Amino acid sequence: MKLGHLATTMAVSICACGAMAQEADLIRDRLHRARDLYESDMQRLRERVLSAIDRKLEAASRPGRVDQATIDEATTERAAFLTTGAMPDVSNIDALRKIEQSAREKLIAVYTRAQADYARADSTQDAERIRDEREWFDEHFDLVPWGDNQIGNALEVRVTPEEQAFLFPPEQGDYRVEIIAQRFDGGGALSVVIDGPDARSYECEALPDPEGNVRILLTIAEDMVSADLGAVLIADTPLDEAARGLTLKSLDASFEVSSVRYKPVQEGMWRIMPDEDPVSPVEDRKQDRPVPILPVGAKGEGDCIHSQRVEGTVRVAVEVLAREGNRADLKVQIPGTGETFRVTCEVRGTSVRAVNVEQTRPPRGRSPFRVTETESSSGRIRDGVLDLEWTVRGSSPHVGKNRDWTVRLQSVRF
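Residues numbered from 1 in each chain as written. Predicted model: local features only at pLDDT ≥ 70, side-chain atom pairs only at ≥ 80, totals over all residues. Heavy atoms only, no water.

1. Description of the pairing of strand β5 (residues 190–195)
Logical step 1: Taking burial as the measure, the six residues of β5 include five buried ones, the bulk of the element.
Logical step 2: Relative to strand β10 (residues 245–249), β5 is paired through five bridges, and the arrangement is antiparallel. When the sheet's bridge partners are listed, D195 is paired in β10 with G245. (Buried < 20%, exposed > 50% of the residue type's maximum accessible area, 1.4 Å probe, protein only. Helix = DSSP H or I, 4+ residues; strand = E, 2+ residues; numbered from the N terminus. Pairing = 2+ DSSP bridges.)

If you want it as structure tokens, here you go:
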């Protein structure tokens, strides 16, 4: 995803209509509640993973039955999990992965709903921002545990109208930060400015709960800055590289910061040990061989949401025309209008991503849409059910020049 396009889509719109702003707030609050639940689920999962490693260590350390090789393996697995979120080789690994997958899918579903709700509320920029955040979240791994609290017992961090606090993350590359604070004077908000190069920055604002408590979760990366929980982006400008410094400030309130924790963000659905298969394909346990994913000739039907159409959800038919290596060519047709696409996808495990999209037949009575660039895509296929979204840029006499165009396939069952 291009940084210029990202900065445009992340711009926070200011709506003059009070009802629309209130609806947008409800959408954001629903997403934040879902994120809070996801964070709780992931914390419990991290504890279960560490418990599973501890049981493995205990079993290998029994007097008279010491298994040094397993002890060494479990010790390495624990260190890998704490630093990268790498999944260990334990007896309940499948159950642990299913928990992670379930939590992820629930949050993605809320992201998808929020995107649609913002679009219906004519808040296009918010809808595009949520889409970018959902795609970024879907492409990265969040199981790595949080680091230690950077504020020790002897260190006091306060933010007042006269005094700002400066934080310098220890993580290199993409990271997340959690900030917990308590308002002890005044009635205003706590702001976090994420400093970037050339005086460019993002700023988010957090209003405390009725008891004055603030908990902020931010994702900060080279191509994404998002306020995941407890805060709202109120201003942003493009960044050329990952932001490194954080400034805490408040115009009319005083806060005491009690906890600041960081964690790296890993790319991929889940991290695994180096000697494991780098993806987790759907396996046919009965036949001890992989289940074919999108084989040639496979046909499916499902629903489609099309950003250039006003009909809402329509039916779609999909057929696999070719399959070679990690590539699959799909014929995607909307029977109601006759519109047809040829979509070349990259398939890795259960992850599906459109890398080239061509409109081979326009809707009846419409001019062809000439695609000049496939900008972004994400999707998955599980148990023969495909969900896939892509955004392209192109031109046609009906929609104009250099227009973005998003198509989302939902629950296409083969």
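After presenting the structure, the write-up continues.
2. Focus: the environment of A189
Logical step 1: Summarising the element assignment, A189 is placed in the loop between β4 (175–186) and β5.
Logical step 2: According to the relative accessible area criterion, A189 is buried, its value standing at 11%.
Logical step 3: Those residues in contact with A189, other than ones at most four positions away along the chain, are E205, A206, L207, K249, S250, D252 and F255. (Contact = heavy atoms within 4.5 Å.)

3. Observations concerning the packing of helix α4 (residues 93–120) against helix α5 (residues 124–138)
Logical step 1: With their axes 8 Å apart at the nearest point, α4 and α5 run at an angle of 165° to one another. It follows from the interaxial angle that α4 and α5 lie roughly antiparallel. As for the relative orientation of α4 and α5, their crossing is left-handed in sense. Mapping the contact onto sequence places R104, L107, I108, Y111, T112, A114, Q115, Y118 and A119 in α4 and D126, A127, R129, I130, R131, E133, R134, F137 and D138 in α5.
Logical step 2: The class makeup of the residues in the contact of α4 with α5 is nine nonpolar, two polar and seven charged. (Axes fitted to C-alpha atoms, helices over the stretch in contact; angles between N-to-C directions. Parallel < 35°, antiparallel > 145°, perpendicular 65-115°, else oblique. Left-handed = near helix turned anticlockwise from the far one by under 90°. Nonpolar A, V, L, I, M, F, W, Y, C, P; charged D, E, K, R; others polar.)

4. Structural notes on the sheet that holds strand β2 (residues 157–159)
Logical step 1: Spatial strand order, β2-β11-β4-β7-β8: five strands in an open sheet with antiparallel pairing. Strands with a single pairing partner mark the edges of an open sheet, and in this sheet they are β2 and β8 (224–229). Put simply, the sheet's adjacent strands are angled 30° from each other on average, direction ignored.
Logical step 2: As judged from the eleven bridges shared by β4 and strand β11 (residues 253–264), these two strands associate in the antiparallel manner. Counted as the bridge partner of V177 is Y262 from β11.
Logical step 3: On the sheet, α5 packs against β7 (213–221) and β8 and is oriented at approximately 90° with respect to β8.

5. Here's the deal with the pairing of strand β21 (residues 385–396)
Logical step 1: Burial within β21 is extensive, with ten of its twelve residues counted as buried.
Logical step 2: Sheet topology note: the strand β20 (residues 370–382)/β21 ladder contains eleven bridges and is antiparallel. Note on β21: the bridge partner recorded for E373 is R393.
Logical step 3: With antiparallel pairing between neighbouring strands as the criterion, β20 and β21 make up a hairpin whose turn holds two residues, including D383 at a positive phi of roughly 50°.
Logical step 4: Here β21 pairs with strand β22 (residues 400–413) via ten bridges, running antiparallel. Its bridge partner being in β22, S396 is matched across the sheet by G400.

6. Considering the pattern of salt bridges
Logical step 1: Under the definition given, this model contains 31 salt bridges.
Logical step 2: Between R120 and D117 there is a salt bridge; the shortest N-O distance is 2.3 Å. Residue R120 and its partner D117 are located together in helix α4, separated by three residues, close to a single helical turn.
Logical step 3: Note on D117: relative accessible area 10%, which makes it buried. (Salt bridge = Lys/Arg side-chain N within 4 Å of Asp/Glu carboxyl O.)

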